[in-house]
Amino acid sequence: RTLTFAQLHRETEGLARGLRKLGVRKGDRVAIYMGMVPEAAVAMLACARIGAIHTVVFGGFAPDALKDRIADCSAKLVITQDAGWRRGKVLPLKEVVDKALATPEGKSVKHVVVLERVGEASGASMKAGRDHDWRALLAESAGESGAPEIVEAEHPLFILYTSGSTGKPKGVMHT
C-alpha cells in the first residue's frame, strides 16, 4: 500500500488526537505491538507528535516477552492489530496482548487500540472500556486538537529493548 505524505500526516494527526482523547500525555509510555503495516509507522509518529514515549515490540513475540516490556516501561496504552499474517498463517496479535495484560505486570495498561486487519477470521474479542477500534477512535476524535506537543530537545522519543547476557530485556532510551 502506498501513502502520500498528506495521507500519512492525516492518519498521524488522527491517531494523535485519539491517543489524547484516551488520556495519553507527554511523557506517558505506549507499547506498539503490530505487524509490518503502515499503521505501525503512523503509531510511532502519533506518539512522537504528542510527546508520548513509544516502544515497538516485535509482532512475533510471545505474551511473556510483551508483558516484560510493558511492565518495564509502565506502558499506559498498547497499540496492536486484531491479527496479522506470517507465512500464510494468521497470527493472533490481540490474543497475545490480552494474555500479557491478564498478568499483574500488565496492570499499568488502561487502554488498547486495535487496528482491524484480518477481521472475523482473527477471532479477536474486544474488552469493553479498555479496547478501542482504531478507525472508530479516529472518527470520534475528529474535533479534538491535533497540534503537536512542544518538547525539550532531550525529551525521550522511544525505548528500544535489547536482550543482554541475562536474557532479561533491557530498555535503552533514545532522545
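As a reminder, the structure under discussion sits directly above these lines.
Residues numbered from 1 in each chain as written. Predicted model: local features only at pLDDT ≥ 70, side-chain atom pairs only at ≥ 80, totals over all residues. Heavy atoms only, no water.

**Student:** How should I be thinking about the state of the cysteines in this particular structure?
**Tutor:** As used here, a disulfide is simply a covalent bond connecting the sulfur atoms of two cysteines. Taken as a whole and assessed by the stated rule, the structure comprises zero disulfides. For the unlinked cysteine Cys47, the closest cysteine sulfur is that of Cys73, found at 11 Å. A relative accessible area of 0% means that Cys47 is categorised as buried. The exposure class assigned to Cys73 is buried, which follows from its relative accessible area of 6%. (Disulfide = S-S within 2.5 Å. Buried < 20%, exposed > 50% of the residue type's maximum accessible area, 1.4 Å probe, protein only.)

**Student:** Any chance you could explain the packing of helix 1 (residues 5–21) against helix 2 (residues 38–50) here in plain terms?
**Tutor:** Think of two packed helices as two axes; the pair is described by the angle between the axes and how far apart they sit. In the contact formed by helix 1 and helix 2, the axes pass within 8 Å of each other and the chain directions differ by 60°. With respect to helix 2, the element helix 1 is oriented oblique. As helix 1 packs across helix 2, the resulting crossing turns out to be right-handed. For the pair helix 1 and helix 2, the contacting residues are Leu8, His9, Glu11, Thr12, Glu13, Leu15, Ala16, Leu19 and Arg20 in the first and Val42, Ala43, Leu45, Ala46, Cys47, Arg49 and Ile50 in the second. Tallied by class, the residues present in the contact of helix 1 with helix 2 amount to ten nonpolar, two polar and four charged. (Axes fitted to C-alpha atoms, helices over the stretch in contact; angles between N-to-C directions. Helix = DSSP H or I, 4+ residues; strand = E, 2+ residues; numbered from the N terminus. Parallel < 35°, antiparallel > 145°, perpendicular 65-115°, else oblique. Left-handed = near helix turned anticlockwise from the far one by under 90°. Contact = heavy atoms within 4.5 Å. Nonpolar A, V, L, I, M, F, W, Y, C, P; charged D, E, K, R; others polar.)

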